[in-house]
Amino acid sequence: MRFTFVTLFPNLIEGYFQDSILKRAIDKELFSVDYLNPRDFSLNKHSKVDDTAVGGGAGMVMNPQPLCDALDSLKTNNPDIHIIFLTPVAKPFKQNDAKRLAKKSHVAFVSGRYEGIDERVIEEFADEVFSIGDYILTGGELASLVLCDAISRNVEGVLGNSESLSIESFESELLEAPSFSKPKEYRNLVVPKEYLKGNHSKIRTLKIALSECKTKFFRPEQLLKHITRKPYEK
Ligand code: SAM
């Protein structure tokens with residue numbers, strides 16, 4: 001799989017892939033990452049990529065020309081590419097989106113800066129648009145990294161143990177049960193006794209009960225969905 005980051009600031013992104021699981025996955029050629037800077041396509045003699053908003057309004061907007069030319073070049077060379085724009089106004093990105101997009105061969109993330117991107121570029125090129133939450137970031141780079149991280153860990157082979165994916169939160173309505181590490185007792189706090197006895201069926205039952213408690217506390221609407229689901233849907 002291939003990810004292309006379309007950004008004015010590739011330096012902000014590069015470091016993220018230089019360590020840990022995603023670096024190992026790139027070393028194993030499970031996916032690749034590259035960058036396309038719209039500034040390199042600017043026809044302005046000072047390589048300008050933004051201008052004041054037509055019709056007035058605060059701040060600068062990213063011009064269509066550098067972005068459209070950059071995206072044209074990307075599409076011409078990669079007809080199968082799936083282009084995603086990051087914008088705070090779109091639908092929120094979810095785990096199901098991460099799993100679905102992990103099946104694509106090539107995904108591009110387009111990051112806005114300043115007051116955002118000229119809307120015509122989004123109309124022309126977006127296969128999909130996503131937000132990562134109801135708040136405003138200074139640019140789309142962090143948002144595209146969030147999507148890329150969540151998608152790439154669903155690419156076959158990226159996580160050492162693919163079983164860990166299937167029990168994670170958001171794979172079903174129930175959140176994942178609490179996890180504990182060693183030692184068994186730390187600062188007078190103990191791991192639930194059942195976890196220590198090695199009876200896997202009892203541990204599984206306890207984990208389901210703890211998952212339900214955790215979901216009730218953090219995401220009561222999810223628990224409601226879980227208990228009202230018909231048995232044949234489970
Ligand atoms: N003026 C825009 C508005 O009010 O909707 C916000 C522009 S924001 C300062 C600049 C860029 O950051 C956006 O074009 C988008 O790419 C990115 N961005 C900011 N917040 C985001 C969010 N919550 N999710 C995804 N992208 C975001």
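Here the structure is shown first, and the text comes after it.
So, here is what we can say about the structure in this document.

With that out of the way, let us pick up the pattern of salt bridges. Summed over all chains, the structure comprises 12 salt bridges. Arg 2 serves as the salt-bridge partner of Asp 34, at 2.7 Å between the closest nitrogen and oxygen. Of the two residues, Asp 34 sits in strand S2 (residues 32–36) while Arg 2 sits in strand S1 (residues 2–6), which places them 32 residues apart along the sequence. Taking relative accessible area as the criterion, Arg 2 reaches 26% and is therefore assigned partly exposed. Each of Lys 91, Asp 97, Arg 100 and Glu 128 takes part in a single network of salt bridges with overlapping partners.

Paired through their backbone hydrogen bonds, the strands of a sheet run either parallel or antiparallel. What the 5 strands build is an open sheet, ordered S2-S1-S6-S5-S7; its pairing is parallel. The outermost strands of the open sheet, each flanked by one partner alone, are S2 and strand S7 (128–130). Averaged over all adjacent pairs, the angle separating strand axes in this sheet is 25°, with direction ignored. Bridge count for strand S5 (residues 82–86) against S7 is 3 bridges, and the pairing is parallel. What sits directly across from Ile 84, in S7, is Glu 128. Together, S1, S5, strand S6 (106–110) and S7 form the strand contacts of helix H6 (residues 141–152), whose direction differs from that of S1 by roughly 175°.

Turning to the layout of surface pockets, a few remarks are in order. Size it by volume and the largest pocket reaches roughly 710 Å³. Surrounding the largest pocket, 27 residues form its lining, Ile 167, Glu 176, Ala 177, Tyr 195 and Lys 207 being those nearest its centre. Listing elements by their share of the lining of the largest pocket, those giving two or more residues are helix H7 (163–166), helix H8 (193–196) and helix H9 (200–218). A per-class count over the lining of the largest pocket returns 12 nonpolar, 7 polar and 8 charged.

Attention shifts here to the site of the ligand. The immediate surroundings of the ligand are formed by 19 residues, with Leu 86, Gly 112, Glu 115, Gly 133 and Tyr 135 found nearest. Note that an oxygen atom of the ligand is positioned 2.7 Å from one of the backbone N or O atoms of Leu 86. The contact in question runs from a nitrogen atom of the ligand to an N or O atom on the side chain of Glu 115, over 3.0 Å. When the ligand is considered free in solution it has 580 Å² of accessible area, and contact with the protein chains removes 84% of it. Looking at the shell around the ligand, its residues break down into 10 nonpolar, 8 polar and 1 charged.

Helix length check: H9 (19 residues) gives 26 Å between terminal C-alpha atoms against 27 Å at 1.5 Å per residue, within 8%. Listing the buried residues of H9 in full gives Ile 203, Ser 211 and Thr 215. Summarising the axial view, the buried residues of H9 lie within an arc of 105°, below the 170-degree limit, and thus occupy one face. Exposed and oriented more than 90 degrees from the buried face of H9 are Thr 205, Lys 216 and Phe 217. On the buried face of H9, the contacting elements are H8 and helix H10 (220–228).

Take the nonpolar core next. Judged by nonpolar contacts, the single largest core of 24 residues is most densely connected at Phe 3, Phe 5, Phe 17, Phe 93, Phe 109, Leu 147 and Ile 151. The element best represented in this core is H6, accounting for 6 residues. Excluding residues within four positions of it along the chain, Phe 5 makes contact with Ile 13, Phe 17, Val 33, Asp 34, Tyr 35, Leu 36, Phe 109, Ser 144, Leu 145 and Cys 148. Core analysis: the next-biggest nonpolar cluster, separate from the first, contains 19 residues, Leu 8, Leu 36, Cys 68 and Ala 108 among them.

Within the element layout of this structure, Thr 7 appears in the loop between S1 and helix H1 (11–14). Of note is the side chain of Thr 7, whose polar atom sits 2.8 Å from the backbone nitrogen of Phe 9. A polar side-chain atom of Thr 7 sits 2.7 Å from a polar atom in the side chain of Glu 141. Other than its neighbours up to four places away in sequence, Thr 7 contacts Ile 13, Leu 36, Asn 37, Pro 38, Ser 111 and Glu 141.

Let us now look at unusual backbone geometry. Between Lys 182 and the following residue, Pro 183, the backbone shows a cis peptide bond with an omega angle of 0°. With respect to the element layout, Pro 183 can be found in the loop between H7 and strand S8 (185–186). The phi angle at Glu 29 is positive, at roughly 60°, despite the residue not being glycine. Topologically, Glu 29 is positioned in the loop between helix H2 (20–27) and S2. Assessed through its relative accessible area of 71%, Glu 29 is described here as exposed.

Reading the values: rules and limits
- Along each chain, residue indices are assigned from 1 in the same order as the chain's sequence is written.
- Thresholds applied to this predicted model are a pLDDT of at least 70 for local features of residues and 80 or more for the giving and counting of side-chain atom pairs; totals over whole chains, interfaces and linings are not thresholded and use all residues.
- Side-chain numbers come from the whole structure's heavy atoms, not from hydrogens or water.
- When a carboxyl oxygen of Asp or Glu is within 4 Å of a side-chain nitrogen of Lys or Arg, the pair counts as a salt bridge.
- Segments assigned H or I by DSSP are reported as helices when at least four residues long, segments assigned E as strands when at least two residues long, and all are numbered from the N terminus.
- Partly exposed describes any residue whose relative accessible area lies between the buried limit of under 20% and the exposed limit of over 50%, with all areas from a 1.4 Å probe on protein chains only and scaled to the type maximum.
- Two strands pair if DSSP finds at least two bridges between them.
- Geometry is summarised by axes, namely lines fitted to C-alpha atoms with helices restricted to the contacting stretch, and by angles between N-to-C directions that run from 0 to 180 degrees.
- Should any heavy atoms of two residues lie within 4.5 Å, those residues are considered in contact.
- Only protein atoms enter the 1 Å grid used here, on which a cavity is any set of points holding a 1.4 Å probe that cannot leave and a pocket is any open set flanked by protein within 12 Å on both sides along at least five of seven lines; residues with an atom within 4 Å of a point are listed as lining.
- Grid points are joined across faces, edges and corners, and a volume is the space filled by probe spheres set on the points.
- Under the scheme applied here, ten amino acids are nonpolar (Ala, Val, Leu, Ile, Met, Phe, Trp, Tyr, Cys and Pro), four are charged (Asp, Glu, Lys and Arg), and all others, including Gly, are polar.
- For this description, a residue counts as near a given molecule or strand if any of its non-hydrogen atoms is within 4 Å of it.
- Each polar contact in these results corresponds to two N or O atoms within 3.5 Å; when the atoms are within protein, one needs to be able to donate a hydrogen and the other to accept it, and residues that are neighboring in sequence are counted only if both atoms are side-chain atoms.
- All accessible-area figures derive from a Shrake-Rupley calculation using a 1.4 Å probe, and residue coverage is judged against the displayed protein chains alone.
- Here the expected span of a helix is defined as 1.5 Å times the quantity of residues minus one.
- The reported arc concerns the directions from the helix axis to the C-beta atoms and nothing else.
- In plain words, nonpolar cores are sets of buried Ala, Val, Leu, Ile, Met, Phe, Trp, Tyr and Cys residues tied together by side-chain atoms within 4.5 Å.

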